[in-house]
Amino acid sequence: MLFPLDNRPVILFTTFVNMNNPMKKYPQVILKPGKEGPVLRFHPWIFSGAIQEITGKPAEGDIVECFSSKGSYLATGHCMTGSLAVKLFTFKRQEIGKDFWIAKISEAWRVRKSLGLTDNSNTTAFRLVHYEGDNMPRLIVDVYGSMAVLQAHTSGMHDVREIIAGAIISLSEGKITSVYDKSAESIRKMTGRIVEDGFLAGDVGECEVLENGNRFHVNAVTGQKTGFFLDQRDNRDLLARYSQGRTVLNMFGYTGGFSVYAAKAGAKVVHTVDSSAPAITIAAENMKLNGFDAPHYECITADARKYLDTMEQDQYDLIILDPPAYAKNVASRIQALKGYRSINAVALAKIKSGGILFTFSCSQVVDRQMFTSAITAAAVDAGRQVRIIQHLSQPADHPVNIFHQEGEYLKGLVLMVE
Ligand code: SAH
């Protein structure tokens, strides 16, 4: 074994880790000379332009090992189609079997346990696995009380779903009894393959959870994503601090997450608006579940743009704008920035003087600086004096891998408008 400058052992292509127990041989992805830098810095993606040669004809989702042009082992991952050719999940050469995935889920569980989330009587819903943040590219697992919802975006992660479900049940010591696989849409979009959603264990697909003591009904089967937007937990908590006595518009409110917190914190009026009628039905249920009902706490099915354009000037003094990801890829980024600018300009123009705007972007390809620029342009359009009073992000159970900072997908600003 040779030790090059980066202190990683060079393993020749033909060398096995242990000759008595030869490791399974995976197809090899060999990089072009000089293209190993990002992998040496533990970035978990390899783009097709960096690849010299692929041996063994791996299919989408197959495990591959990556090597530098000089033959040193770099990392192991899942083969993808398209320009993002490999998603890496380990930088240590090893056999990728059942034990490997169980160890990964155990580590994710340990992290959530240390965050006080696995046994918390006040908050019973959390994200157990968050993509690259947990070194499991393209996998999420959300826990809602006694049920977990798994969503794989690659065939490689989907192939090990049963192992993952078993590990979750065992780590929870029997507290989690149902695991629902909700990968059909993501697998079809990412790979074109048709698979079905379904239970990997148990049969409970909806339940009531607590988030900071607030009650929410979650339906994993019919709801959007895994059923609830756990990524806004801390921001909802923060909103409560600004809500006392205010008239609130929760735009893109989904099932009323922000609305329940605002009402509980003493908002005078809370209007929840979303274009999805099923989401609005659950939002109204969630408001009732927490003791809040119309007319002060109304849930309205409407298109955001139409609602913002027709609402009265000075009607609200606290507005939340949490739209869906306007940019799904780099090609749609400019259009997305125009979208953020335009809805924020209306909200900033119409909010009451002294009002507060919580504004978000969950587009991964729109970084914090771009988002702030779009909001700055919106403030210019609105012609209002605006102060940024807080910068918001995603909570601790949606961690960002330091080697993959693109993982900080949720960006938010709290603005005070003169
Ligand atoms: N703030 C929510 C999550 C919002 S997700 C929470 O805390 O739970 C984005 C929401 O935007 C979805 O509920 C989706 O139905 C809604 N949406 C998408 N397009 C919309 C439109 N044009 N007008 C209003 N709502 C829309």
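Just so it is clear, the model here is predicted, and its values are computed rather than measured.

### Things to note about the site of the ligand
Among the 15 residues in the neighbourhood of the ligand, the closest are listed as Arg236, Asp274, Asp303, Ala304 and Asp322. Backbone polar atom of Ser275 to a nitrogen atom of the ligand: 3.1 Å apart, as the coordinates give it. Between the ligand and the protein, one listed contact pairs a nitrogen atom with a backbone N or O atom of Ala304 at 2.8 Å. Relative to its unbound accessible surface of 580 Å², the ligand loses 87% to contact with the protein. Here the residues of the shell around the ligand sort into 7 nonpolar, 4 polar and 4 charged.

### Let's talk about the sheet that holds strand β3 (residues 51-54)
The 6 strands lie next to each other as β2-β6-β5-β4-β1-β3, forming an open sheet whose pairing is mixed. Looking at which strands have only one partner, the edges of the open sheet turn out to be β2 (45-47) and β3. Put simply, the sheet's adjacent strands are angled 35 degrees from each other on average, direction ignored. Of the pairings in the sheet, the one linking strand β4 (residues 63-67) to strand β5 (residues 73-79) comprises 5 bridges and is antiparallel in character. The residue of β5 that forms the bridge with Phe67 is Tyr73.

### Digging into a nonpolar patch on the surface
A contiguous nonpolar surface patch, about 290 Å² in accessible area, is contributed by Phe42, Ile402 and Phe403. Looking at where Phe42 falls in the secondary structure, it is placed in the loop between α1 (37-40) and β2. Judged by its relative accessible area of 32%, Phe42 falls in the partly exposed class.

### Observations concerning helix α8 (residues 277-289)
Taking 1.5 Å per residue as the helical rise, α8 with its 13 residues ought to reach 18 Å, and the 18 Å between its terminal C-alpha atoms agrees with that figure. Looking only at α8, the buried set comprises Ala279, Ile280, Ile282, Ala283, Asn286 and Met287. The buried side chains of α8 occupy one side of the element, clustering within an arc of 160 degrees when seen end-on. Facing away from the buried side of α8, by more than 90 degrees, are the exposed residues Pro278 and Lys288. Residues of α8 that are buried in the fold lie against β13 (214-219), α7 (257-264), β15 (269-274) and β16 (299-301). N-capping of α8 is provided by Ser276, with a side-chain oxygen placed 3.1 Å from the backbone N of Ala279. In the stretch just after α8, Gly291 is the one whose phi turns positive, near 95 degrees.

### Topic: the packing of helix α6 (residues 233-243) against α7
The N-to-C vectors of α6 and α7 enclose an angle of 35 degrees; their axes lie 8 Å apart at closest approach. In the packing of α6 onto α7, the handedness of the crossing is right-handed. In this structure, α6 uses Arg233, Asn235, Arg236, Asp237, Leu239, Ala240 and Ser243 to contact α7, whose residues at the interface are Gly257, Phe258, Tyr261 and Ala262. Each residue belonging to the contact of α6 with α7 can be placed in one class, and the counts come to 5 nonpolar, 3 polar and 3 charged.

### Focus on the sheet that holds β16
Pairing is mixed across the open sheet formed by 7 strands, whose spatial order is β16-β15-β14-β17-β18-β20-β19. Of all strands in the sheet, those bounded by a partner on one side alone are β16 and β19 (386-392). Each neighbouring strand pair of the sheet contributes to a mean axis angle of 15 degrees, computed without reference to strand direction. In the sheet, strand β14 (residues 247-251) pairs with strand β17 (residues 318-321) via 4 bridges, with the strands oriented parallel. Residue Leu249 lies in a different strand from β17, and its bridge partner there is Ile319. Most of the contacts of α7 go to β15, to which it runs at about 180 degrees, and overall it touches β14, β15, β17 and β18 (355-361). Seen against the sheet, helix α10 (residues 333-350) touches β17, β18, β19 and β20 (411-417) and runs at an angle of roughly 170 degrees to β18.

Criteria and thresholds
All chains use their own residue numbering, which begins from 1 and follows the written sequence. Reporting in this predicted model follows two pLDDT cut-offs: at least 70 for local features of residues, and 80 or more for side-chain atom pairs to be given and counted; totals over whole chains, interfaces and linings ignore these cut-offs and use all residues. Side-chain numbers here rest on the full set of heavy atoms in the structure, without hydrogens or water. By convention in this text, a residue qualifies as near a molecule or strand provided that one of its non-hydrogen atoms is within 4 Å of it. Polar contacts here mean pairs of N or O atoms no more than 3.5 Å apart (in protein, one a potential hydrogen donor and the other a potential acceptor; neighbouring residues in sequence count only if both atoms are side-chain atoms). All accessible-area figures derive from a Shrake-Rupley calculation using a 1.4 Å probe, and residue coverage is judged against the displayed protein chains alone. Charged residues are taken to be Asp, Glu, Lys and Arg, nonpolar residues to be Ala, Val, Leu, Ile, Met, Phe, Trp, Tyr, Cys and Pro, and polar residues to be all remaining types, Gly included. In short, DSSP must find at least two bridges between two strands for them to pair. The numbering of helices and of strands both runs from the N terminus, where a helix is a DSSP run of H or I of at least 4 residues and a strand a run of E of at least 2. With axes taken as lines fitted to C-alpha atoms, and helix axes fitted only over the stretch in contact, angles between N-to-C directions fall between 0 and 180 degrees. Two joining distances apply to patches: 9 Å for like charges and 5 Å for nonpolar side chains (Val, Leu, Ile, Met, Phe, Trp, Tyr), and every residue must have over 30% relative accessible area and no salt bridge. Salt-bridge detection follows one rule: a side-chain nitrogen of Lys or Arg within 4 Å of a carboxyl oxygen of Asp or Glu. Relative accessibility thresholds used throughout: buried, under 20% of the residue-type maximum; exposed, over 50%; partly exposed, between the two (1.4 Å probe, protein chains only). Expected helix span is given by 1.5 Å per residue-to-residue step, counting one fewer step than there are residues. It is the directions from the helix axis to the C-beta atoms whose arc is reported. Contacts are assigned to residue pairs that have any heavy atoms within 4.5 Å of one another. Should the near helix be turned counterclockwise from the far one by less than a right angle, the crossing is left-handed, whereas a clockwise turn marks it as right-handed.

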